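So you can see what is in the structure, the chains are spelled out below.
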Amino acid sequence: MTNDQTFKLTLLQAGHTTAPEAMILRGESWRKMTIPALFALLEHPRLGPILFDTGYSPRFLAETRRWPYWLYAKMTPVFIRAEETAAAQLQRRGIRPADIERVIVSHFHVDHIGGLADFPRAQFIFYADAFQPKTGLAAVKAGFLPGHLPADFAGRAAPVDPAQAIGLPPETAPFARGVDLLGDGSLLAVRLPGHAVGQMGLFLQAEGLGPVFLCADACWHSRAFRELIFPHPLLNHLLHPDPAAYHQSIRRIHQLHQRRPELHIIPSHCPEAAQQYCQ
Ligand SMILES: [Zn+2]
């Protein structure tokens, strides 16, 4: 990759939740751990600032006041203040909401789509099958809250057909195929099934870091892919549409990590990653 395809990567956090460690990493204690909701600002040399996910927003607190969505808040305590949203943090860095022309959505869980409605000019890029709008209890079960989407979402959606996938360079193995999202080879999207239908991960080069793989929620903690530790089976089976594929995705990231220890693999909710990469 040339310099023309290298991003300035800024990893940020918009809110957090908590969960027992043993649910996230089987065999650990039942002590509560803090689970940050990370998102990434990717500054492309020609195309400007692009977001990968947006974290939580206070919309969660508003939307879960009523049945059946309050069930979601009962299961997942969310901590987010107005000044912690993606838009507020970008403003403080001199990037206005209208400057964001692209938001890449790894999947449609609320801790990734919280801020979509705060970016009035953005196109939303995601794997076409990842968007399965639901309401009521079905939405809660899918980790989706319909009120999080902007009213003009359909008009700004730019779904990616997974069939556009091309052969990837050997560095990304065992991920053999992916979509060149921007057409210049700078962002290579791959499929990370199991956690959510159509989940997307991204390979890129970052200034000062080198190769990076943003693996979204393919695992919650970096220890999962380093040490091949799976979550508690109850969580895997209750939460995931395809528990077997979830394990398989972690195994593939584990292989990737073993082959390329220099690659920065960043899960969206890993407290270690937050400490290491967030500015
Ligand atoms: Zn998720």
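Whatever comes next refers back to the structure up there.
Not measured: the values here are computed from a predicted model.

1. Notes on the state of the cysteines
One pass over the full model with this rule turns up zero disulfides. Sulfur of Cys215: no disulfide; nearest cysteine sulfur belongs to Cys219 and is 4.3 Å away. Here Cys215 falls in the buried class, since its relative accessible area comes to 0%. Cys270 carries a free sulfur, and the closest cysteine sulfur to it, the one in Cys219, is 7.6 Å from it.

2. Focus on the pattern of salt bridges
Applying the stated rule across the entire model yields 14 salt bridges. Between Asp184 and Arg46 there is a salt bridge, with the nearest N and O atoms lying 3.2 Å from each other. You can see Asp184 sitting in the loop between strand 9 (177–180) and strand 10 (188–191) and its partner Arg46 sitting in the loop between strand 2 (32–44) and strand 3 (48–52), a full 138 residues away along the chain. Residues joined by salt bridges that share partners form a network here, namely Glu28, Arg223 and Glu227.

3. What to know about the coordination of the zinc ion
Surrounding the zinc ion are the protein donor atoms His107 (NE2), His109 (ND1), His195 (NE2) and Asp217 (OD), at 2.1 to 2.2 Å. Angles of 90 to 173 degrees at the metal separate the four donor atoms of the zinc ion, which places the site in the irregular class. Donor residues for the zinc ion sit on one chain with the sequence pattern H-x1-H-x85-H-x21-D. With respect to burial, His107 and His109 carry one shared label: buried.

4. Here we look at the packing of aromatic side chains
Applying the stated criterion to the full structure yields 14 aromatic pairs. Note on Phe203 and Phe213: the rings are 4.1 Å apart at their centroids and 15 degrees apart in plane angle, and the pair reads as stacked. Pair noted here: Phe203 is in strand 11 (residues 200–206) and Phe213 is in strand 12 (residues 210–216), with a separation of 10 residues, a long-range link. Accessibility classification places Phe203 together with Phe213 in one group, the buried group. Here the aromatic cluster, defined as three or more aromatic residues joined through ring pairs, consists of Phe108, Phe124, Phe126, Phe131 and Phe153. Across the ring face of Tyr127, the terminal group of Arg191 is positioned such that the distance to the ring centre comes to 4.6 Å. Here Arg252 stacks its cationic end above the ring of Phe175, 4.6 Å away from the centre of that ring.

About the criteria used
Residues numbered from 1 in each chain as written. Predicted model: local features only at pLDDT ≥ 70, side-chain atom pairs only at ≥ 80, totals over all residues. Heavy atoms only, no water. Disulfide = S-S within 2.5 Å. Buried < 20%, exposed > 50% of the residue type's maximum accessible area, 1.4 Å probe, protein only. Salt bridge = Lys/Arg side-chain N within 4 Å of Asp/Glu carboxyl O. Helix = DSSP H or I, 4+ residues; strand = E, 2+ residues; numbered from the N terminus. Donors = N, O, S within 2.8 Å, 3.2 Å for Na, K, Ca; no water. Tetrahedral: all angles 85-135°; square planar, octahedral: opposite > 155°, others 65-115°. Phe/Tyr/Trp six-rings, centres within 6.5 Å; stacked < 30°, edge-to-face > 60°. Lys NZ or Arg CZ within 6 Å of the ring centre and 35° of its normal.

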